[in-house]
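# Fold and contact review
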Amino acid sequence: MGDLAALTKKQSDALSAYNSARSQFEAILAQRRAQISSKQLPNLPGQALYLARNSMMSAYKDLTDALPSRIGKPNKYGIPPAYFSADNEPLLDEYRKLFDIMQAPPASAQNSDTPFKDVVDLGTAIARARGLDAANAEAAGRISLGLFYAETNGNQNIGNARSNKYKGSLQSGVSEDQNGQRKWAAMKKSIAAFDPALNVRDDKEEVRAGNLDRRYNHWTAVRDALMNAHADIFPQVPAIVKTLPDPIDQMKLFELIQIIPSPTKSALASRNLLDYRISDPRIMGYLRNNSMFTFGQADRAKTSATFREILDAMWLFNEKFERALSKFDEIKKQSKS
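Heads up: these notes are all about the structure in this document. (Residues numbered from 1 in each chain as written. Predicted model: local features only at pLDDT ≥ 70, side-chain atom pairs only at ≥ 80, totals over all residues. Heavy atoms only, no water.)

### Focus: the overall build of the chain
Rules: The way it works is that DSSP assigns letters per residue, a run of H or I at least four long becomes a helix, a run of E at least two long becomes a strand, and they are numbered from the N terminus. Accessibility here uses a 1.4 Å probe with only protein chains present; expressed as a share of the type maximum, an area under 20% marks a residue as buried, one over 50% as exposed, and anything in between as partly exposed. Here, residues are in contact when the closest pair of their heavy atoms is within 4.5 Å. Using a 1.4 Å probe, the Shrake-Rupley method yields the accessible areas, and only the shown protein chains count as cover for residues.
Broken down by element type, the chain carries 15 helices and two strands. A principal-axis box enclosing the C-alpha atoms of the chain has dimensions of 75 × 50 × 40 Å. Relative to its 337 residues, the chain shows a buried fraction of 52%. Once local pairs closer than 6 in sequence are excluded, the contacts in the chain between residues at least 24 apart make up 69%. Within the structure as shown, the chain displays about 15,500 Å² of accessible surface, and the carbon and sulfur contribution to it stands at 50%.

Printed below as a string of structure tokens:
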């Protein structure tokens, strides 16, 4: 760090706050690991862990704002170096391992052997049923795969260590899943007409699921979630692709339909998507709870944001969406061969 005496009070305070936040993050990582070993996890074990990670990143951003020389080398998670020190990669490795354990699927969950292809196939078929041509339906399938990575990091049938409400491959609540089931039932015949193979697969998965919570069968969970939240937006994919040519921006927008559905739909209806401004403190709170405008005092001070600013603030999703794009290209190549 160099000579601590040379630091201003603001810099010294920022350093102390960061060291404290880092220590607290380390402590809760160790606590959760011990609780997992003793099988004594508290309710919602991931929430305090998530907030501690955010506090460390936030304190580090305040430190690098006060002392830019602390901005270091890039990190393997693709987090901007002003927000995260590469020296802390082992802590984030442990953080992810703990979440994998805490969110493991229940024993009754029904996995798919082709979870990624399923998401693409369902998204594409639903988009076709909503009237999209082949190219735009393909974009909808690609976007759907991005949602799978955003919601679960590409893990099927998981629980949620931060919520008792949302479960499964696209993290749906019971009412959302049931609404999706009803919408699928109304669309099923039209899909069967142009994709009988997908319809046969659907029938098999329904029989397989039996009385199981549909959120714990990968196929039905993805199907119902897409029908509930995204099928009604798929007809706008051509316009969205024109406004947002970057596939990652497209994925971010559809993820916002998960996080803040009503404002996102209003923004789409405004015909001025990127300049549409969110000022409601409650909506800004939802964004912060999903890692936007939450790191550092400057970000937290924002009381409003345009959708362009919101999309840019979703940088923590970038690495997941990049993996989704890579997986989508792999699936396309396999289907052609």
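### What to know about helix α6 (residues 174-194)
What counts is decided by this rule: To estimate how far a helix should extend, the number of its residues minus one is multiplied by 1.5 Å. Note on bend: the value at a residue is the angle between axes fitted to the seven residues ending there and to the seven starting there.
Taking 1.5 Å per residue as the helical rise, α6 with its 21 residues ought to reach 30 Å, and the 30 Å between its terminal C-alpha atoms agrees with that figure. The sharpest bend along α6 measures roughly 45° and falls at Met187. As for α6, its buried residues are in contact with α4 (115-129), α7 (196-209) and α8 (218-230).

### Points about the environment of Arg201
If you trace the backbone, Arg201 turns up in helix α7. Under the relative-accessibility criterion, Arg201 is labelled partly exposed at 22%. Distance in space between the C-alpha atoms of Arg201 and Trp219 is 9.0 Å, their sequence separation being 18 residues. When residues no more than four places from it in sequence are discounted, the contact partners of Arg201 are Ser112, Thr114, Asp118 and Trp219.

### Describing the pattern of salt bridges
Worth spelling out the cut-off: The salt bridge definition used is simple: a Lys or Arg side-chain nitrogen within 4 Å of an Asp or Glu carboxyl oxygen.
Applying the stated criterion across every chain, the model contains 25 salt bridges. For the salt bridge of Arg96 with Glu319, the shortest nitrogen-to-oxygen distance reads 3.3 Å. With Arg96 in helix α3 (residues 89-102) and Glu319 in helix α15 (residues 318-336), the pair connects residues that are 223 residues apart, well separated along the chain. A relative accessible area of 28% places Arg96 in the partly exposed class. A relative accessible area of 18% places Glu319 in the buried class. The salt bridge involving Lys188 is made with Asp202; its shortest N-O contact spans 2.8 Å.

### Things to note about the side chain of Asn157
Test applied: Identification of polar contacts relies on pairs of N or O atoms within 3.5 Å, with a donor-acceptor requirement for protein atoms, meaning one able to donate a hydrogen and the other able to accept it, and with residues adjacent in sequence counted only if both atoms are side-chain atoms.
Positionally, Asn157 belongs in the loop between α5 (134-152) and α6. Under the relative-accessibility criterion, Asn157 is labelled buried at 0%. In this structure the side chain of Asn157 is engaged in a polar contact, spanning 3.2 Å, whose partner is the backbone nitrogen of His218. Setting aside its immediate chain neighbours within four residues, Asn157 contacts Pro105, Pro106, Ala109, Gln110, Asn111, Gly168, Ser169, Arg215, Tyr216, Asn217 and His218.

### Digging into the packing of aromatic side chains
Defined as follows: Centre distance within 6.5 Å is the pairing criterion for rings of Phe, Tyr and Trp, where only the six-membered ring of Trp is used; planes under 30 degrees apart are then read as stacked, over 60 as edge-to-face, and the remainder as tilted. Charge-over-ring contacts are defined here by two conditions on Lys NZ or Arg CZ: a distance within 6 Å of the ring centre and an angle within 35 degrees of the ring normal.
The final tally for this structure, using the stated rule, is twelve aromatic pairs. Measuring from ring centre to ring centre gives 5.9 Å for Phe317 and Phe321, while their planes differ by 15°; the resulting arrangement is stacked. Each residue in the set Phe25, Tyr95 and Phe99 is aromatic and connected to the rest through ring pairs, giving one cluster. Lying across the ring of Tyr50, Arg162 places its NZ or CZ 3.5 Å from the centre. Sitting over the face of the ring of Phe116, Lys327 holds its NZ or CZ atom 4.7 Å from the ring centroid.

### Quick notes on the layout of surface pockets
What counts here: Using a grid of 1 Å spacing that covers the protein atoms alone, one calls a set of points a cavity when a 1.4 Å probe fits there but cannot get out, and a pocket when the set is open and has protein on both sides within 12 Å along at least five of seven lines; lining residues are those with an atom within 4 Å of a point. Grid points are joined across faces, edges and corners, and a volume is the space filled by probe spheres set on the points.
Computed from the structure, the second largest pocket encloses a volume of approximately 240 Å³. Val120, Asp121, Thr124, Lys332 and Ser335 are, among the 13 residues lining the second largest pocket, the residues nearest its centre. Those elements giving two or more residues to the lining of the second largest pocket turn out to be α4 and α15. Of all the elements, α4 adds the most residues to the lining of the second largest pocket, at six residues.

### Some thoughts on the environment of Lys327
Structurally, Lys327 is set in helix α15. With near-sequence residues (within four places) excluded, Lys327 lies in contact with Phe116, Leu145 and Tyr149.

### Re the nonpolar core
Most often, soluble globular proteins have nonpolar side chains that are buried together. Applied cut-off: Working definition of a nonpolar core: buried Ala, Val, Leu, Ile, Met, Phe, Trp, Tyr and Cys residues. They are joined through side-chain atoms within 4.5 Å.
One finds Ile126, Leu145, Phe254, Leu256, Met292, Phe307 and Ile310 to be the most contacted residues of the largest nonpolar core, which totals 62 residues. With nine residues, the single largest contributor to this core is α5. For Ile310, the residues in contact, after removing those within four places along its chain, are Leu256, Ile278, Leu287, Met292, Phe293 and Ala305.

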